[in-house]
Amino acid sequence: MSVLFKNLRFIRNGKISEPKNFFIHDQSFKELVDSSESEFKEIIDCSSYFASSGWIDLRCGLGEPGQEYRETVESLCQSLISSGFVKAVIMPNTDPVIQSKNEVDFVLNRSRKFGIDLEIMGAVTKNTLGEDLTEILDMHFQSGVKIFGDGIKPLSNSDRFMKILQYLQKFDGVLFDHAYDPLLSIFGQMHEGEISTQLGMKGIPNLSEDIAIQRNLEILRYTGGRVHFQTLSTKKGVELIRKAKAEGLNVTADTSIYQLIFKDKDLMTFDPNYKVNPPFRSESDRAALIDGILDGTIDALVSNHQPQDFDSKFSEFDLASFGMAGLQAFLPALVQLSQELSWEVLIEKITAGPSKIIGSQNESVTIFDPTQSWVYDEKSNKSLSSNHPWFGTSLTGQVKFVFQKGNLQRVNE
Amino acid sequence: MSQLSTRHLLGIKDVTESDIRLILETAANFKEVINRPIKKVPSLRDITIANIFFENSTRTRLSFELAEKRLSADVVNFSSSNSSVKKGETLVDTVNNILAMKVDMVVMRHASPGAPHFLSRNVKANIVNAGDGTHEHPTQALLDSFSMQEKLGDLAGKKVAIIGDILHSRVALSNIFCLQKLGAEVMVCGPITLLPKYISSLGVKVELDVKKALEWCDVANVLRIQLERQQIKYFPSLREYSLYYGINKKMLDSLNKEIVLMHPGPINRGVELSSDAADSAHSIILDQVENGVAVRMAVLYLLAGARN
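Just so it is clear, the model here is predicted, and its values are computed rather than measured. (Residues numbered from 1 in each chain as written. Chains lettered and ligands numbered in written order. Predicted model: local features only at pLDDT ≥ 70, side-chain atom pairs only at ≥ 80, totals over all residues. Heavy atoms only, no water.)

**Some thoughts on the packing of helix α6 (residues 206-223) of chain A against helix α7 (residues 235-246) of chain A**
Residues and elements named next belong to chain A.
Then step 1. The N-to-C vectors of α6 and α7 enclose an angle of 15 degrees; their axes lie 9 Å apart at closest approach. When the axis of α6 is compared with that of α7, the two are roughly parallel. Helix-helix and strand crossings are classified by hand; for α6 and α7 the assignment is right-handed. Between α6 and α7, the contacting residues are Asp210, Ile213, Gln214 and Leu217 on the first element and Lys236, Gly237, Leu240, Ile241 and Ala244 on the second.
Then step 2. For the contact of α6 with α7, the class distribution of residues is five nonpolar, two polar and two charged. (Axes fitted to C-alpha atoms, helices over the stretch in contact; angles between N-to-C directions. Helix = DSSP H or I, 4+ residues; strand = E, 2+ residues; numbered from the N terminus. Parallel < 35°, antiparallel > 145°, perpendicular 65-115°, else oblique. Left-handed = near helix turned anticlockwise from the far one by under 90°. Contact = heavy atoms within 4.5 Å. Nonpolar A, V, L, I, M, F, W, Y, C, P; charged D, E, K, R; others polar.)

**Details of the packing of aromatic side chains**
How two aromatic rings sit relative to each other is set out by the distance from centre to centre and by the angle between their planes.
All names here are of chain A.
Then step 1. Summed over the entire model, instances satisfying the criterion amount to 27 aromatic pairs over all chains.
Then step 2. Ring geometry for phenylalanine 23 against phenylalanine 40: centres 6.0 Å apart, planes inclined by 75 degrees, an arrangement best described as edge-to-face. Remark: phenylalanine 40 occurs in the loop between β4 (28-31) and β5 (42-45) and phenylalanine 23 occurs in strand β3 (residues 20-25); sequence separation between them is 17 residues. Phenylalanine 40 matches phenylalanine 23 in its accessibility class, with the two residues each being buried. (Phe/Tyr/Trp six-rings, centres within 6.5 Å; stacked < 30°, edge-to-face > 60°. Buried < 20%, exposed > 50% of the residue type's maximum accessible area, 1.4 Å probe, protein only.)

**Remarks on the interface of chain B and chain A**
Then step 1. If you look at the interface, chain B gives 29 residues, while chain A gives 21 residues.
Then step 2. Carbon and sulfur atoms make up 64% of the area that chain B and chain A hide from each other, which totals about 1900 Å².
Then step 3. Considering only the surface of chain B that becomes buried against chain A, Pro113, Phe118 and Tyr198 of chain B emerge as the three largest contributors, covering 24% of it.
Then step 4. For the interface between chain B and chain A, the tally reads zero salt bridges.
Then step 5. At the junction of chain B and chain A, the tally comes to four residue pairs in polar contact (both at pLDDT 80 or more). (Buried area = accessible area lost by both parts, 1.4 Å probe. Salt bridge = Lys/Arg side-chain N within 4 Å of Asp/Glu carboxyl O. Polar contact = N/O pair within 3.5 Å; in protein donor to acceptor, adjacent residues only side chain to side chain.)

**A short note on the domain arrangement of chain A**
Then step 1. Per the domain assignment, the segments making up chain A are domain 1 (3-47) and domain 2 (54-362).
Then step 2. The straight-line distance from the C-alpha centre of domain 1 of chain A to that of domain 2 of chain A is 35 Å. (Domains from an automatic or database assignment.)

**Examining the pairing of strand β3 (residues 105-110) of chain B**
Residue and element names in this part refer to chain B.
Then step 1. Extensive coverage of β3 is indicated by the burial of six of its six residues.
Then step 2. Bridge count between β3 and strand β4 (residues 126-132): five bridges; the pairing is parallel. Within β4, the position partnered with valine 107 by the bridge is valine 128.
Then step 3. A crossover links β3 with its parallel partner β4, the connecting element being helix α4 (residues 115-122), and its sense is right-handed. (Pairing = 2+ DSSP bridges. Right-handed = clockwise from strand over helix to strand, strands pointing away.)

**Structural notes on the UniProt feature "binding site: L-aspartate" (unreviewed entry) in chain B**
Then step 1. Taken from the UniProt record, the annotation "binding site: L-aspartate" (unreviewed entry) applies to Lys87, Arg170 and Arg224 of chain B.
Then step 2. A polar side-chain atom of arginine 170 of chain B sits 3.2 Å from the main-chain carbonyl oxygen of glycine 133 of chain B. (UniProt positions renumbered as here; feature names shortened; annotations may be inferred.)

**Some thoughts on the pattern of salt bridges**
All names here are of chain A.
Then step 1. Using the criterion set out here, one finds 28 salt bridges over all chains in the structure.
Then step 2. Across the pair aspartate 117 and lysine 405 runs a salt bridge whose closest N-O atoms are separated by 2.5 Å. Of this pair, aspartate 117 sits in strand β9 (residues 117-122) while lysine 405 sits in the loop between β18 (393-404) and β19 (407-410), and the two are 288 residues apart along the sequence.
Then step 3. The exposed category is assigned to lysine 405, whose relative accessible area is 52%.
Then step 4. The structure contains a network of salt bridges with shared partners spanning Lys87, Asp117, Glu119, Lys146 and Lys405.

**A few points about the side chain of glutamine 140 of chain B**
All names here are of chain B.
Then step 1. For glutamine 140, the position within the fold is in helix α5 (residues 138-152).
Then step 2. Judged by relative accessible area, glutamine 140 falls into the buried class, the value being 5%.
Then step 3. Not counting residues within four places of it along the chain, the set of residues in contact with glutamine 140 comprises Val171, Pro264, Gln288 and Arg296.

**Some thoughts on the domain arrangement of chain B**
All names here are of chain B.
Then step 1. Each domain of chain B was delimited in the assignment, giving domain 1 (12-136 + 289-305) and domain 2 (138-285).
Then step 2. Across the contact, 31 residues belong to domain 1 and 27 residues belong to domain 2.
Then step 3. Note on domain 1 versus domain 2: buried area summed over both sides is about 2400 Å², and carbon and sulfur give 62% of it.
Then step 4. Taken as a group, Ile12, Leu24 and Thr134 account for 24% of the area that domain 1 buries against domain 2, more than any other trio of residues on that side.
Then step 5. The tally of links from domain 1 across to domain 2 stands at three salt bridges.

**Re the environment of histidine 140 of chain A**
Residues and elements named next belong to chain A.
Then step 1. Within the fold, histidine 140 resides in helix α3 (residues 136-143).
Then step 2. Separated by 63 residues in sequence, histidine 140 and cysteine 77 have C-alpha atoms that sit 23 Å apart.
Then step 3. Sequence-distant contacts of histidine 140, defined by excluding residues within four places in its chain, comprise Val145, Lys146, Phe148 and Phe171.

**Some thoughts on the sheet that holds strand β9 (residues 260-262) of chain B**
Across a sheet, strands are paired by hydrogen bonds formed along the backbone, either parallel or antiparallel in direction.
All names here are of chain B.
Then step 1. Reading across from one edge, β7-β6-β5-β8-β9 is the order of the five strands in this open sheet, with parallel pairing throughout. Each edge of the open sheet is held by one strand with a lone partner, namely β7 (205-207) and β9. Sheet twist, expressed as the average angle between the axes of neighbouring strands with direction ignored, equals 20 degrees.
Then step 2. For strand β5 (residues 159-163) and strand β8 (residues 219-222), the ladder comprises four bridges, and the chain directions are parallel. By the bridge assignment for β8, alanine 161 is matched with alanine 220.

**A short note on a nonpolar patch on the surface**
Residues and elements named next belong to chain A.
Then step 1. Together, Leu184, Leu207 and Ile211 make up a nonpolar patch on the protein surface, roughly 230 Å² of accessible area in all.
Then step 2. For isoleucine 211, the location among the structural elements is in helix α6.
Then step 3. Looking at isoleucine 211, the relative accessible area reads 39%, which means it is partly exposed. (Patch = residues over 30% accessible without salt bridge, like charges linked within 9 Å, V, L, I, M, F, W, Y side chains within 5 Å. Areas by Shrake-Rupley, 256 points an atom, 1.4 Å probe, with all protein chains shown as cover.)

**Comments concerning the packing of helix α3 (residues 91-99) of chain B against α4 of chain B**
Axes are the key here: two packed helices are described by the angle between their axes and the distance separating the axes.
All names here are of chain B.
Then step 1. Contact pair α3 / α4: the axes reach a minimum separation of 10 Å and the direction vectors enclose 60 degrees. Classed by the angle they form, the pair α3 and α4 counts as oblique. For the crossing formed where α3 meets α4, the hand is right-handed. Between α3 and α4, the contacting residues are Leu91, Val92, Val95 and Asn96 on the first element and Ala115, Phe118, Leu119 and Asn122 on the second.
Then step 2. Among the residues forming the contact of α3 with α4, the class breakdown is six nonpolar, two polar and no charged.

**Some thoughts on the UniProt feature "domain: Dihydroorotase catalytic" (unreviewed entry) in chain A**
Then step 1. Using the residue numbers shown here, the UniProt feature "domain: Dihydroorotase catalytic" (unreviewed entry) corresponds to residues 54-235 of chain A.
Then step 2. When the span residues 54-235 of chain A is considered, its composition is 35% helix and 17% strand, and the gap between its end C-alpha atoms is 30 Å.

**Examining the sheet that holds strand β8 (residues 85-90) of chain A**
Residues and elements named next belong to chain A.
Then step 1. Spatial strand order, β7-β8-β9-β10-β11-β14-β15-β16: eight strands in an open sheet with parallel pairing. Edge positions in the sheet fall to β7 (55-60) and β16 (300-302), since each of these pairs with one other strand and no more.
Then step 2. With two bridges connecting them, strand β10 (residues 147-148) and strand β11 (residues 174-177) associate as parallel partners. Bridging across to β11, isoleucine 147 finds its partner in valine 174.
Then step 3. Docked against the sheet, helix α1 (residues 73-82) engages β7, β8 and β9, running at close to 135 degrees with respect to β8.

Structure follows, in structure tokens:
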């Protein structure tokens, strides 16, 4: 036998196990009960490591096709693996938009050799303009797409939102919704509040998200179907989802991990790396997101990885693109959050939580060291983009192994 | 001679009270200079200053240029109403090209909030913010405070109402920060759609009735309606604005006290100010313009001293 993982603690079903020994046998990751250590060619001391089911990211951006300088399928897959993810939902905001079986097949074919499962979020409206529906059934029945949504674009037309929810019911499809009212956030650059007032910047009010979530919940109540709300950022948004769940509506929700790390105060230096949508909000919004994670209102944490090239971020704030790279800083962000949320809860939000939403069976394993320091720089960066405020700094928390489909991958060596 | 604690003037928010007072004291000396028969001093004769204006400006650009010339600096001007990005060149590239010609200081006006902060991180010259979008216009606030002090003495406890389009005004924000650091009380007044929702978090009073604001204040600083910066509709018509937020001489005369009337210019006569008010004895609008040169001389002189 080849590799023995010695004294590894497994996080699953809301518990952290005592240190045990594991090995790979018959393409499965198994606990070692009787065999002696001498049978193994390599023994890895895992006493500072954790393991869990392989991680799932429900919201991830891609540049290919069309904007390969931001992120190719290859660079995205490598970023995902080295960040501990075995499965990711890919947003359709490429150029051309992923809106027919052709684009879906193109991305999936390219990803096959990298040993990672991509789930494509097929665009629901043509060119994600929020108006004419795409060929949703064709994408589903020909290319297996189960998740639909316009990615970083909102669906602000109530009639289209209603029709999409009705249409998806033919195959129990789920609509992934980034809910905000674009007119209420028009020209907005950051969270509307005390800080935007001091900086003289046009704000994106909480109202923009709150009103869209409320409207979309009412439409869901009318049509039936299933909505997964992405990147919640407001206190009221969390309350609305909590109430909707209690009423039995078929909703789930996630939030970007970096919503829990950064706040609007971080924008005081006008650094465009902090320019994201939804924007970093106030301390009370952040506290509500944490409560939502703890009580199960928020089912998943997502990377909301939105790679942007250097030039689109090296500019005046209002001219810079929205978005933050989110993959390789994901585990260091988890490590930071483990100060106030337990590892059991954090891991659930990237394993069992998202798994229920997209209905995946997950036989994979991610092994990571929450104590390992490393430098996030050009050398370690797997993405083609580096738009993260932590780029160039030393971070704590590193993924070590990903076991997927019978293959063990050593990452970040 | 005292020195500034900063090598850039990006905004008033981050300038200390003692730096503000130093600038105002220095400006008083320069005001004396520019009223002499020979208005020029050799203080900056080894300094080259670039005035880079990405937004239209008449008085601020002229005021800076005069200030620079009276300090004997070498001056180059670059004006473009489009941002550099629209022309295909980045802001940093544009400025670095100008700096390659051995320029020491950059005075920049730009439509993007934070553009001078971005520039200060990426080029070597001293940066003076001559207005960045809807963020700050620090030299305007300094000259406004200087002008108020000339008229009223120390500003501690004085009441200043800023009236008009607060939402799109860099002058309002810089004035709020500057006046508060000097101990004055500040009120903002205007149609509620032109007041930032969280403006009271800055510690200012909010008033929707212009008559009440005038009754409260010692100084009314009336702002220009920034039609060019309003991307969407905030009030129905200029007629309605002038009727309910415009200030005329009759209103000023009806107060049972003398107040000081200011405006950063250019005035939309008949909109925010009637001509009889703008030209009345209450008005110190032209003093503001004169003081602008002295204050900018002080800023450039002191920043050059903090250059290394």
